[in-house]
Amino acid sequence: MHLLVVDWDFFFPNPDAGAPMGSHPELYGWPVAEDEHHTEVVWVERAKRFSEAGVPLPTASGWGGFWGRFWFTDGAPLIYADSNAWAGHLWPSDVGGEGSWDTIHLYDAHHDAGCKLNHASFEEWKASGDGIRCENWMLAHAWAGAELHVHFPPWRESLDRPTEEPLVEVAMSIDDGVPPPVAFSACFVCRSGAWVPPWEDHTFSAFLKAAPLRAQMHPKNKWMHPRPDPRRIIEMQAILSTKVQRLNG
């Protein structure tokens, strides 16, 4: 059985993840964490910085026609959530199978197979009792014997920037549009709200709707969707500021 995992940031070019640097790479220096502040609140200030620099807000692209390249078994579900960590809890037994996945194909701007800043090796991670998180969920499936494949976005310039150092063996490549030669038994999609801004939430909804599978939210996922649009918040703040100035004037 085979699992397809798609991270929404696959369609969101970011210089920090290997996209061309462009003229304002400093606007993308985004600390990330999967909490309310980084998935919702911080995007207002980030949007303001783009506006102040006179740079259009970055958007998702390249997702049209994405689904048409893949094969799925009859009844294969599409499960979605905000964090890719939930993919580490998805097993063949959840879709009527048994054992572990034969292969996992991840389409993502990041490899999600552990970080040497946190653990020196796969063995150290296994001994640590560290939980499954967005950056290491593939390790759980590697431990069970799954063959791992990561397909980086076509906007990534090379595999040399950034340097990838997963804790386990991962077949890594930049997506060339050729589909894996398997039929997927399940698909997991994550929104990655700490990496992709709220002004693209409507596009994420369209991406899910375009899938040839019945989409269902992960039962343990808790999120707000769509999130408040920072552009509207900035507009309301400007209106309020103008009113206050008039009252004080």
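Refer to the structure printed above.
These lines cover the structure that appears in this document, whether it is placed above or below.

Thresholds applied
- Residues numbered from 1 in each chain as written.
- Predicted model: local features only at pLDDT ≥ 70, side-chain atom pairs only at ≥ 80, totals over all residues.
- Heavy atoms only, no water.
- Helix = DSSP H or I, 4+ residues; strand = E, 2+ residues; numbered from the N terminus.
- Rg over C-alpha atoms; globule rule 2.2 N^0.38 Å.
- Buried < 20%, exposed > 50% of the residue type's maximum accessible area, 1.4 Å probe, protein only.
- Contact = heavy atoms within 4.5 Å.
- Areas by Shrake-Rupley, 256 points an atom, 1.4 Å probe, with all protein chains shown as cover.
- Lys, Arg positive; Asp, Glu negative; His and termini not counted.
- Charge placed at Lys NZ, Arg CZ, Asp CG, Glu CD.
- Core = buried A, V, L, I, M, F, W, Y, C linked by side-chain atoms within 4.5 Å.
- Salt bridge = Lys/Arg side-chain N within 4 Å of Asp/Glu carboxyl O.

1. Remarks on the overall build of the protein chain
- In terms of helices and strands, the protein chain carries 6 helices and 9 strands.
- Rg of the C-alpha trace for the protein chain: 19 Å, near the compact-globule value of 18 Å for 249 residues, within the 12% margin.
- In terms of principal-axis extent, the alpha carbons of the protein chain reach across some 70 × 40 × 35 Å.
- Counting every position in the protein chain, which comprises 249 residues, the buried fraction comes to 47%.
- A separation of at least 24 residues holds for 77% of the contacts in the protein chain among residues at least 6 apart in sequence.
- Here the protein chain has roughly 12200 Å² of accessible surface; of this, 54% comes from carbon and sulfur atoms.
- Across the protein chain, 19 positive and 33 negative side-chain charges occur, with their mean positions spaced 10 Å apart.

2. Re the side chain of T203
- As for its placement among the helices and strands, T203 is situated in helix α5 (residues 201-210).
- Of the residues examined, T203 reaches a relative accessible area of 10% and is grouped as buried.
- Here T203 is in contact with W8 and W63, once residues within four sequence places are set aside.

3. Points about the nonpolar core
- L4, F66, W67, F72, L78 and V189 are the most contacted members of the largest nonpolar core, which has 36 residues in total.
- V5, A87, L90 and A142 belong to the second-largest nonpolar core, a separate cluster that totals 26 residues.

4. Comments concerning the pattern of salt bridges
- Counted according to the given criterion, the structure contains 12 salt bridges.
- The closest approach of N and O atoms between R69 and D175, which form a salt bridge, is 2.9 Å. With R69 in the loop between α2 (43-52) and β2 (71-72) and D175 in the loop between β6 (171-174) and β7 (183-184), the pair connects residues that are 106 residues apart, well separated along the chain.
- You can call R69 buried: its relative accessible area is 19%.
- D201 serves as the salt-bridge partner of R191, at 3.5 Å between the closest nitrogen and oxygen. One end of the pair, R191, is in the loop between β8 (186-190) and α5; the other, D201, is in helix α5, and 10 residues separate them in sequence. Here R191 matches D201 in class, with each residue buried.
- One connected set of salt bridges, linked through shared partners, spans D82, R191, D201 and R227.

5. Thoughts on the side chain of E200
- Here E200 lies in the loop between β8 and α5.
- The buried charged residue E200 lacks any salt bridge, with R231 as its nearest oppositely charged partner at 6.2 Å.
- The residues contacting E200, other than those within four sequence positions of it, are W8, T59 and A60.

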